[in-house]
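# What the coordinates show
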Amino acid sequence: PPSPPPPSPLPSPHPNTPSSLTSLPPLLPPSPPHSLRPSLSPPRSPAPASLLSPFLVGPPSLPPFPFPVTATGSCTVDHARGCATSGNFPNSYSTNERCTLNIPGTPLRVTAFAVEEGSSTGCYDYLEVNGVQYCGSSGPAGVSPAATIIWHSDDSITGSGWQICWSAALPPVPPVPTSPPSLPPPCPPPSPQPS
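Remember, it's a predicted structure, so these values are computed and weren't measured experimentally.

What counts and how
- Residues numbered from 1 in each chain as written.
- Predicted model: local features only at pLDDT ≥ 70, side-chain atom pairs only at ≥ 80, totals over all residues.
- Heavy atoms only, no water.
- Buried < 20%, exposed > 50% of the residue type's maximum accessible area, 1.4 Å probe, protein only.
- Helix = DSSP H or I, 4+ residues; strand = E, 2+ residues; numbered from the N terminus.
- Pairing = 2+ DSSP bridges.
- Disulfide = S-S within 2.5 Å.
- Core = buried A, V, L, I, M, F, W, Y, C linked by side-chain atoms within 4.5 Å.
- Axes fitted to C-alpha atoms, helices over the stretch in contact; angles between N-to-C directions.

### A look at the pairing of strand β9 (residues 161-165)
- Along β9, five of the five residues are buried, which leaves the element largely enclosed by surrounding structure.
- Side chains Gly161, Gln163 and Cys165 project from β9 onto one buried face, and the interleaved Trp162 and Ile164 project onto a second face that is buried too.
- Sheet topology note: the strand β3 (residues 83-85)/β9 ladder contains three bridges and is antiparallel. In the sheet register, Thr85 faces β9, and the bridge partner there is Gln163.

### Some thoughts on the state of the cysteines
- Scanning the entire structure with this criterion turns up three disulfides.
- For Cys83, the disulfide goes to Cys165, at an S-S distance of 2.0 Å. Torsion about the S-S bond of the Cys83 and Cys165 cystine: about 100°, corresponding to right-handed handedness. Of this pair, Cys83 sits in strand β3 while Cys165 sits in strand β9, placing them 82 residues apart in sequence. Pair check on accessibility: Cys83 and Cys165 agree, each one buried.
- The side chain of Cys123 participates in a disulfide bridge whose partner is Cys135; the two sulfur atoms lie 2.1 Å from each other.

### Looking at unusual backbone geometry
- The step from Phe89 to Pro90 runs through a cis peptide bond, and the omega angle for that step is 15°.
- Within the secondary structure, Pro90 sits in the loop between β3 and β4 (98-102).
- Of note in this structure, Asn96 is not a glycine but carries a positive phi near 55°.
- Within the fold, Asn96 resides in the loop between β3 and β4.
- Residue Asn96 is classed as partly exposed on the basis of its relative accessible area of 45%.

### Details of the nonpolar core
- Grouped together as the largest cluster of nonpolar side chains are 21 residues, with contacts concentrated most on Leu101, Ile103, Leu127, Ile149, Trp151, Trp162 and Ile164.
- Per element, the largest residue contribution to this core is three residues, and it comes from strand β6 (residues 126-129).

### Focus: the sheet that holds β9
- Taken together, four strands build an open sheet; the order of strands is β2-β3-β9-β5 and the sheet is antiparallel. The open sheet has two edge strands with one neighbour each: β2 (76-78) and β5 (109-114). Between one strand and the next, the sheet's axes are offset by a mean angle of 15°, whatever the strand orientation.
- Where β2 and β3 come together, three bridges link them in antiparallel fashion. Paired with Asp78 across the bridge in β3 is Cys83.

### Description of the sheet that holds β4
- A sheet is described by the order of its strands in space; here five strands give the open sequence β1-β4-β8-β6-β7, paired in antiparallel fashion. Looking at which strands have only one partner, the edges of the open sheet turn out to be β1 (70-73) and β7 (132-134). Neighbour-to-neighbour, the strand axes of this sheet turn through a mean angle of 20°, independent of strand direction.
- As paired elements, β6 and strand β8 (residues 149-152) share three bridges and run antiparallel to each other. By the bridge assignment for β8, Glu128 is matched with Ile150.

Next comes the structure, spelled out in structure tokens:
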């Protein structure tokens, strides 16, 4: 069978073509620029993180601390983790360390505390919170600072130091059920209809 002829190209306007055929109005009016187009729907705002959280990858992050934490001297502050440490932590701190921390009142979490103890008259090395000196292995866990925190080490024996944190702890993860939920008993079959 013979193949159909190829479609012919559209004719180009010929000088003798009436102008009414070459200057037809467009079928649609030209679109206004995007910025001038009327919006048919309200502007969309991003979905709240609470709705997206099941789809996020990785562990949830801690909420940001609402106030700046400042330090002077030998202490180290990790703003991302919400923690501060003695100098050189987790290795031994140096003798004659001094530092001050300003952490707005929120309960402190102590994740490590090993500071040279003192005598019956006081601590040799200490972390002072709200006027109380902490030394040995007992740090200021749960204490909310109401004033500047002071770190001091003397000129002799040192310890591995301390780490305190102020960020809120992550909420506990709910337990995963070990068995499926129980279903209600099935409905009884319908009663036969009298005939």
